[in-house]
Amino acid sequence: MHRPSTFQACKSLLKRDLLLAFRHRGELANPLLFFVIVVSLFPLGIGPEANTLSTIAPGILWVAALLAALLSLETIFRSDFDDGSLEQMLLSPHPAAVLVAVKVFVHWLVSGVPLILLSPLLGVLLQIPEESMLILVVSLTLGTPILSLVGSIGVALTVGLRRGGLLLSLLVLPLYTPVLIFGASAVTNAAFDLPVAAQLYFLAALCVLSITLAPIATAAALRISAD
Amino acid sequence: MWQFFHKLASPKFFYDFSSRLIFWLAIVTIILMASGLYMGLVEAPPDYQQKDSYRIMFIHVPAAWMSMFVYMVMAITGAINLIWRIKLADIISMSCAPLGASFTFLALVTGSIWGKPMWGTWWVWDARLTSELILLFLYLGYMALRASIEDKTNASRAAAVLALVGVVNIPIIHYSVEWWNTLHQGPTVTKFDKPSIHTSMLIPLLLMAFAFKTYFVSVLLVRTRTELLVREFRSSWARKELSK
């Protein structure tokens, strides 16, 4: 019997997950819509004053991005866990961490990337100065993969539970704090023409660290949940 | 030496061994804490700047140290359970969580009480206070995860993974928060050269730190023994112990 290589397995998994995501377009739109609505609630609560808005905009955008990522996390493993295909993946001869990385990558493609693309628009709504728009996009590009990766550990731990959603936020949000700090402060600094290299390097370092370590932890957690 | 550790991992031996240990640890704790509190609250001179209000540090600083230390113990025993499936390690790990959370809470409360006269407000978003707060959230998440998984073995392993993820993250969170905002006074004891704290204050502080350590170990042992009885209630030694 022909045995597919790990690379082939990853490719077909990538294709399958993208197709699945494409077929459930509506589900993907929800977190994005949530992102937009949460961001537009802030001016209503705080007042339309442009100066105030532009000072707190980086924080609002980043917190909203964190929450939107959190909402979409469950979809990484939920349906695969429910119909048993996750168990098959874990039983397959391919390293589980690699397969997990592919799944998380797809999740980032369908939830993180639209969020990044949407962010300049929301930045305009919140009066972010044009100079920091690029930094906003860059910081989100470096930061959203971390959100998906670290979040996947939390999802893997709670996927076996009936009501894991609230617990998931309790587990994952404290781990998100470094991303929030560096992401938001990069955007804030850019608005004042201050150097942002340190923050972006830090985000990049965290990104690399989570790419290397998170899939291993997620795979271990999935094995426990699937037990 | 190894044989001793192997024996220690057996619930029955541990149960007997710890009962003697707790007694001595409790005595040491009482002596250390009494002398530390006396030296700290009575003998140590008032600070030239903070007057007497600095004395809360004899509780605050050891509690803050313990909050990190207990997490490490929890994660290491969790890892031991994950790798070698030693039930006892899991029970210790589980018993650590509420203790660590309490130490963290104590550090936060005393820090807040200290902050009122020093900084003029109950709460500041100071780096170390904030990272303590996040540490408290991590403890609560750990406890919540454990509580919501019904199967004990799965709960223990999932919790161990979470604790290990936390260990990787705690330094990152700590330094990112530190970098974000620092108002807290710098470290005064762990400096590599001469500590910038006077000996008359350092000695009671160290005494209190040791007292907190021995207190933690003795309470940990009590909790572990109780949990051991709960889990092993079917075995003959536990029944004998319970019918006493």
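Since we're looking at a predicted model, the values are computed, not measured.

Novice: Kindly report on the overall build of chain A, identifying the contributing residues and their values.
Specialist: When its secondary structure is counted, chain A shows 9 helices and 0 strands. Moving toward the C terminus, one meets the helices and strands of chain A in the order α-α-α-α-α-α-α-α-α. With the C-alpha coordinates aligned to their principal axes, the bounding extent of chain A is approximately 65 × 35 × 30 Å. Per-residue burial for chain A yields a buried fraction of 51% across its 227 residues. Long-range pairs, those at least 24 residues apart, make up 80% of the contacts in chain A with a sequence separation of at least 6. Here chain A has roughly 10,600 Å² of accessible surface; of this, 70% comes from carbon and sulfur atoms.

Novice: So what's going on with the overall build of chain B? Residues and values would help.
Specialist: The helix and strand inventory of chain B stands at 8 helices and 0 strands. Walking chain B from its N terminus toward its C terminus, one meets helices and strands in the order α-α-α-α-α-α-α-α. Dimensions of chain B, computed from C-alpha atoms along their principal axes, come out at roughly 60 × 40 × 30 Å. By the burial criterion, 48% of the 244 residues in chain B qualify as buried. If you take every contact in chain B between residues at least 6 apart in sequence, the share linking residues at least 24 apart comes to 76%. In the form shown here, chain B has an accessible surface area of approximately 12,800 Å², with 69% of it arising from carbon and sulfur atoms. Taking the average place of the 22 positive charges on the side chains of chain B and the average place of its 14 negative ones, the gap between the two points comes to 8 Å.

Novice: I'd like to hear about helix 1 (residues 6-23) of chain A, residue by residue, with values.
Specialist: All names here are of chain A. For helix 1, built from 18 residues, the straight-helix expectation of 26 Å at 1.5 Å per residue is met to within 8% by its first-to-last C-alpha distance of 25 Å. All of the buried residues along helix 1 are Ala9, Cys10, Leu13, Asp17 and Ala21. With its buried residues spanning 95° around the axis, helix 1 presents them on a single face. The outward face of helix 1, more than 90 degrees from its buried face, is lined by the exposed residues Phe7, Lys15, Phe22 and Arg23. Summarising the contacts, the buried residues of helix 1 are in contact with helix 2 (25-46), helix 4 (78-83), helix 5 (85-91) and helix 6 (96-125).

Novice: Which residues make up the nonpolar core, and what values do they have?
Specialist: The biggest cluster of nonpolar side chains holds 127 residues, and the ones touching the most others in it are Phe35(A), Phe77(A), Leu157(A), Met57(B) and Phe216(B). Apart from residues lying up to four places away in sequence, Met57(B) is in contact with Pro62(B), Trp114(B), Ile197(B), Met201(B) and Leu205(B).

Novice: Summarise the environment of Leu32(A); cite the residues concerned and give the values.
Specialist: All names here are of chain A. By the secondary structure assignment, Leu32 is in helix 2. For Leu32, a relative accessible area of 18% corresponds to the buried category. C-alpha of Leu32 to C-alpha of Ala64: the two residues are 32 residues apart in sequence and 9.9 Å apart in space. In this structure Leu32 touches Ser111, Pro114, Leu115 and Leu118, once residues within four positions along its chain are discounted.

Novice: Lay out the interface of chain A and chain B in plain terms, naming residues and giving numbers.
Specialist: Each side of the interface is counted separately: chain A has 23 residues, and chain B has 24 residues. Of the roughly 2,000 Å² buried at the junction of chain A and chain B (both faces included), carbon and sulfur atoms supply 83%. Counting the surface chain A buries against chain B, the share from its top three residues, Leu157(A), Leu175(A) and Ile224(A), is 27%. Counting every contact that joins chain A to chain B gives 0 salt bridges. Elements that contribute at least two residues to the side of chain A that touches chain B include exactly helix 7 (130-158), helix 8 (165-191) and helix 9 (197-225) of chain A.

Calculation notes
Residues numbered from 1 in each chain as written. Chains lettered and ligands numbered in written order. Predicted model: local features only at pLDDT ≥ 70, side-chain atom pairs only at ≥ 80, totals over all residues. Heavy atoms only, no water. Helix = DSSP H or I, 4+ residues; strand = E, 2+ residues; numbered from the N terminus. Buried < 20%, exposed > 50% of the residue type's maximum accessible area, 1.4 Å probe, protein only. Contact = heavy atoms within 4.5 Å. Areas by Shrake-Rupley, 256 points an atom, 1.4 Å probe, with all protein chains shown as cover. Lys, Arg positive; Asp, Glu negative; His and termini not counted. Charge placed at Lys NZ, Arg CZ, Asp CG, Glu CD. Expected span 1.5 Å × (residues − 1). Arc of directions from axis to C-beta. Core = buried A, V, L, I, M, F, W, Y, C linked by side-chain atoms within 4.5 Å. Buried area = accessible area lost by both parts, 1.4 Å probe. Salt bridge = Lys/Arg side-chain N within 4 Å of Asp/Glu carboxyl O.

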